[in-house]
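Architecture at a glance
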There are 2 protein chains.
Amino acid sequence: MSVTAARGFTASGVSAGIKDSGAPDLALVVNRGPSYAAAAVFTSNRVQAAPVRWSRRVIGDGALAAVVLNSGGANACTGPAGEDDARAMAERTARALRVEAEQVAVCSTGLIGVPLPMDRVTAGIDAAAAELSEDGGEAAAIAIKTTDSVHKTAVASGSGPDSGPRSGSGPGPGWTVGGMAKGAGMLAPGLATMLVVLTTDADVSAPTLDSALRQAVRTTFDRVDSDGCMSTNDTVLLLASGASGVRPDPAEFAEAVHGVCLDLALRLVADAEGASKEIEVRVVGAASEQDAVTVGRSIARNNLLKCALHGEDPNWGRVLSAIGTTSAVFDPDRLDVSINGVRVCRDGAAGEPRDKVDLSGRAVTVTVDLRSGDASATIWTNDLTAAYVHENSAYSS
Amino acid sequence: MSVTAARGFTASGVSAGIKDSGAPDLALVVNRGPSYAAAAVFTSNRVQAAPVRWSRRVIGDGALAAVVLNSGGANACTGPAGEDDARAMAERTARALRVEAEQVAVCSTGLIGVPLPMDRVTAGIDAAAAELSEDGGEAAAIAIKTTDSVHKTAVASGSGPDSGPRSGSGPGPGWTVGGMAKGAGMLAPGLATMLVVLTTDADVSAPTLDSALRQAVRTTFDRVDSDGCMSTNDTVLLLASGASGVRPDPAEFAEAVHGVCLDLALRLVADAEGASKEIEVRVVGAASEQDAVTVGRSIARNNLLKCALHGEDPNWGRVLSAIGTTSAVFDPDRLDVSINGVRVCRDGAAGEPRDKVDLSGRAVTVTVDLRSGDASATIWTNDLTAAYVHENSAYSS
């Protein structure tokens, strides 16, 4: 259902010829109103692609009529000409849709440092505008794939202002949040981006959208740390058409947005290139949420642990080494570590026998108890595999 | 030449049976005086092995008579029993050498979380004490290897208080600094440690030793960042016998210590397990040395870049992405990146054609000009290879 699950949106995906393969590479998502509220979260990388700079500027007024997205080229590190290209994409989209360029966000993904073939991009925008439909969500999700093995969509809906969101497919009689995503941080070879577009037909103001989106991103996409690498192009957009006529309770709406973000985030982790395991690093007993996140990230980024888990070795010594590099509150002699439910480390030393741990499946949970407070956080990551190395050494940027 | 290049030292290395393979696994380095000044730098990991805790305590008075080292077991995360074992190693060595236990530093390397076989360790200490000789430096360097493919030693000497240090072999008529090293951060599989013992026959006080050692480590071992993983056992020791009778100029002495440390550090990088390239990340034009180090580390830890360089792809986009994650002073549109001398990125965008870059050799230099000041720093790292993954997934901790 993707970005057209919510009423008031049309979308499309076409093959513009940006990719040599001829695969779909250009998508449009259009808000038909009556409302045009929007919010966005961008990469915190200080090296930002031209489309990120453009979109960051036009989202300033909290309104968007459309998003144009391309795969096959990130338009990052492309200098002033790249800035012109990002603007030209917005202008061409605006002309086709009879809106203002400042109402159009631009997202690009693919190789860094290479200019886009703008003749193909602009022709593709015209073609995509002609293809727009209320069923175009899947086609849009497919067109933003780079090395993703599957396209990723999610949806949640709420039946009204007085009831909570419910998971499921299709728009309910109330309001709906739907979305599409590609990439996983900078995990996949040759690409540079996680792109997410969420839409809703709920009648929600830009500040409420912004608050819901930031809250959701903070504990979902921001906690996916597949390979510790941060992109120049990461963008998460949320557009509201108001077409349902329902003004939901802000907390319930936020919960629905969070649910869709979490669903998409876990799909990104599950599709991480070259990975053979999905690893959930759960840190509990922390003195603060920040401590829990810091410890979780340090563990998730530890190459030696990621290799060990790939080899199905419940190597808790690597976990302790990673914790020890942080400044979080803990006593090294009171650390507990469980791997897939077996407490292999107790009080900073060997606990249950490591051969009790079953690591044969794809899902791995590493739970660390810092025994220093009540805060917790979860970071999702992948194992480090020879396939990851191969895919990231055999491709160009 | 190793730790017995300097006069006043004896050493030995024996097979104590700690390793199942029967390879040498226990070493002694003994200072015969007349002076016993010593300095040390330890891991900054907050999870510290029992031998690190012991050695940190006994170095407090700036004097050591001996160092006992074992491979085959890190005695890390071993609880109170591990503390007892580290102390027992010092006590047994002290008894064999007729010194005090508080004059003996202890270094261990190998598996984390597994108790040492103390009956074999103590018998090995007695055997090693019986083998001590002025030619024992090589045997000691061999006995501390874990997965190192070669043992690593280095030496520098100065002819007197009025002349600078000169590189070369053997003790001169003046003074000498020699040393041995094993590991590379936590790069090698199954091990947990970089261990370094340096010796000198110069007549140098403990505070001067400490100053020279900290200065040298800061710009050598501390800037080797092979895989971003920090050990629980890292230890660098410097012992001075005063046997040359020469009291060198402190600056010249510091330069010699730096030279030996740099030599050993580069040997560690060159022997990094699973690596096929040695990568020098040189950051210039930084507003501060701290900025240069931060940027260099961010680049050295970027798995995507390390994979790309393994694949001989001069992927400057990855370099810019890594720089962008730091808070160093720079303008994204004024960044220059050269790879093996070819400026592939100029002003934050594509520069010279990337196919001009020759990455066929083992040595790779990535030079980043932040164009924001005069400070610089170099970080040494390795590429990320399928062999690294294999070796770190196929071994236990």
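The structure presented is a predicted model; accordingly, all values stated were derived computationally and were not measured.

**Focus: the pairing of strand β4 (residues 66–70) of chain B**
Residues and elements named next belong to chain B. Judged by how many residues are buried, β4 sits mostly within the fold: five of five residues are covered. On β4, burial covers both faces: A66, V68 and N70 on one face and V67 and L69 on the other are all buried. Across five bridges, strand β2 (residues 26–31) lies against β4 in antiparallel orientation. Looking at the pairing, L26 lines up with N70 of β4. Pairing between β4 and strand β5 (residues 104–108): five bridges, direction parallel. The residue of β5 that forms the bridge with V68 is V106. Read from β4 through helix α2 (residues 79–97) to β5, the crossover connection turns out right-handed.

**Focus: the confidence of the model for chain A**
Residues and elements named next belong to chain A. Across chain A, the average pLDDT comes to 91, with 93% of residues at or above 70. Taken together, the stretch residues 168–172 has pLDDT below 50 and engages in twelve contacts with residues farther than four places along the chain or on a different chain. The model gives residues 187–191 a pLDDT under 50, and that stretch makes 25 contacts with residues more than four places away or in other chains. Scored by ipTM, the complex comes to 0.85, with pTM at 0.87.

**Notes on the pairing of strand β5 (residues 104–108) of chain A**
The element β5(A) is largely enclosed, with a buried count of five among its five residues. A two-sided burial pattern is seen for β5(A), the buried positions comprising A:V104, A:V106 and A:S108 on one face and A:A105 and A:C107 on the other.

**A short note on the domain arrangement of chain A**
Residue and element names in this part refer to chain A. Considered domain by domain, chain A is made up of domain 1 (2–270) and domain 2 (278–394). Centre-to-centre separation of domain 1 and domain 2, based on C-alpha positions: 32 Å. Listed per partner, the contact involves ten residues of domain 1 and twelve residues of domain 2. By residue class, the composition of the side of domain 1 that touches domain 2 is six nonpolar, two polar and two charged.

**A few points about the packing of helix α1 (residues 50–58) of chain B against α2(B)**
All names here are of chain B. Look at α1 against α2: their axes get within 8 Å of each other, and the N-to-C directions meet at 55°. Comparing their axes, α2 and α1 come out oblique. The interaxial crossing formed by α1 with α2 has right-handed handedness. Note on element contacts: α2 touches α1 through G82, E83, D85, A86, R87 and A90, opposite A50, P51, R53 and W54. Of the residues belonging to the contact of α1 with α2, the class tally is five nonpolar, one polar and four charged.

**Topic: the sheet that holds β4(B)**
Within a sheet, neighbouring strands are paired by backbone hydrogen bonds and run either parallel or antiparallel to one another. Residue and element names in this part refer to chain B. Pairing in this open sheet of four strands is mixed, and the strands run β1-β2-β4-β5 from one edge to the other. Looking at the sheet topology across the chains shown, the edges are occupied by β1 (9–14) and β5. Neighbouring strand axes in the sheet, compared pairwise and without regard to direction, differ in orientation by 10° on average. Pairing of β1 with β2 involves six bridges; the strand directions are antiparallel. Within β2, the position partnered with G13 by the bridge is A27. Most of the contacts of helix α3 (residues 118–131) go to β2, to which it runs at about 50°, and overall it touches β1, β2 and β4.

**As for the interface of chain A and chain B**
Facing 48 residues of chain A, the contacting portion of chain B comprises 48 residues. For the side of chain A that touches chain B, the secondary-structure elements that each account for two or more residues are α8 (303–310), α9 (316–324), β14 (349–350) and α10 (386–394) of chain A. Among the elements that make up the side of chain A that touches chain B, the one with the highest residue count is α9(A) (seven residues).

**Quick look at the relation of the copies chain A and chain B**
For the pair chain A and chain B, the relating rotation is 180°, the translation along its axis is 0.0 Å, and the fit reaches an RMSD of 0.0 Å. A rotation of that kind, with that shift, is consistent with a two-fold axis. Taking the C-alpha atom as reference, chain A places A:A386 closest to the rotation axis, 2.2 Å from it. When the interface residues of chain A are mapped onto chain B, 100% of them again lie at the interface, so the same face is used by both copies.

**Topic: the nonpolar core**
Grouped together as the largest cluster of nonpolar side chains are 270 residues, with contacts concentrated most on A:V257, B:A38 and B:V257. Discounting chain neighbours no more than four positions away, the residues touching A:V257 are A:V177, A:L198, A:A212, A:L213, A:A216 and A:L238.

**Points about the packing of helix α5 (residues 206–218) of chain B against helix α6 (residues 250–270) of chain B**
Residues and elements named next belong to chain B. The contact between α5 and α6 brings their axes to 9 Å, and the two run at 45°. Accordingly, the angle class assigned to the pair α5 and α6 is oblique. Here the hand of the crossing between α5 and α6 comes out right-handed. Contacts between α5 and α6 involve T208, A212, L213, Q215, A216 and V217 from the first element and P250, F253, A254, V257, H258 and C261 from the second. Of the residues that constitute the contact of α5 with α6, the class distribution is nine nonpolar, three polar and no charged.

**Description of the sheet that holds β5(A)**
All names here are of chain A. With mixed pairing, the four strands of this open sheet are ordered in space as β1-β2-β4-β5. Because the sheet does not close on itself, it has two edges, and the strands there are β1 (9–14) and β5. Ignoring strand direction, the axes of neighbouring strands in this sheet form an average angle of 10°. Of the strands in this sheet, β2 (26–31), β4 (66–70) and β5 touch helix α2 (residues 79–97), which is tilted by about 130° from β5.

Reading guide: rules and limits
Residues numbered from 1 in each chain as written. Chains lettered and ligands numbered in written order. Predicted model: local features only at pLDDT ≥ 70, side-chain atom pairs only at ≥ 80, totals over all residues. Buried ≥ 20, exposed ≤ 12 C-beta atoms within 10 Å, placed from the backbone. Helix = DSSP H or I, 4+ residues; strand = E, 2+ residues; numbered from the N terminus. Pairing = 2+ DSSP bridges. Right-handed = clockwise from strand over helix to strand, strands pointing away. pLDDT = per-residue confidence, 0-100. Contact = placed C-beta atoms within 7 Å. Domains from an automatic or database assignment. Nonpolar A, V, L, I, M, F, W, Y, C, P; charged D, E, K, R; others polar. Axes fitted to C-alpha atoms, helices over the stretch in contact; angles between N-to-C directions. Parallel < 35°, antiparallel > 145°, perpendicular 65-115°, else oblique. Left-handed = near helix turned anticlockwise from the far one by under 90°. Least-squares fit on C-alpha atoms with pLDDT ≥ 70 in both. Core = buried A, V, L, I, M, F, W, Y, C linked by C-beta atoms within 7 Å.

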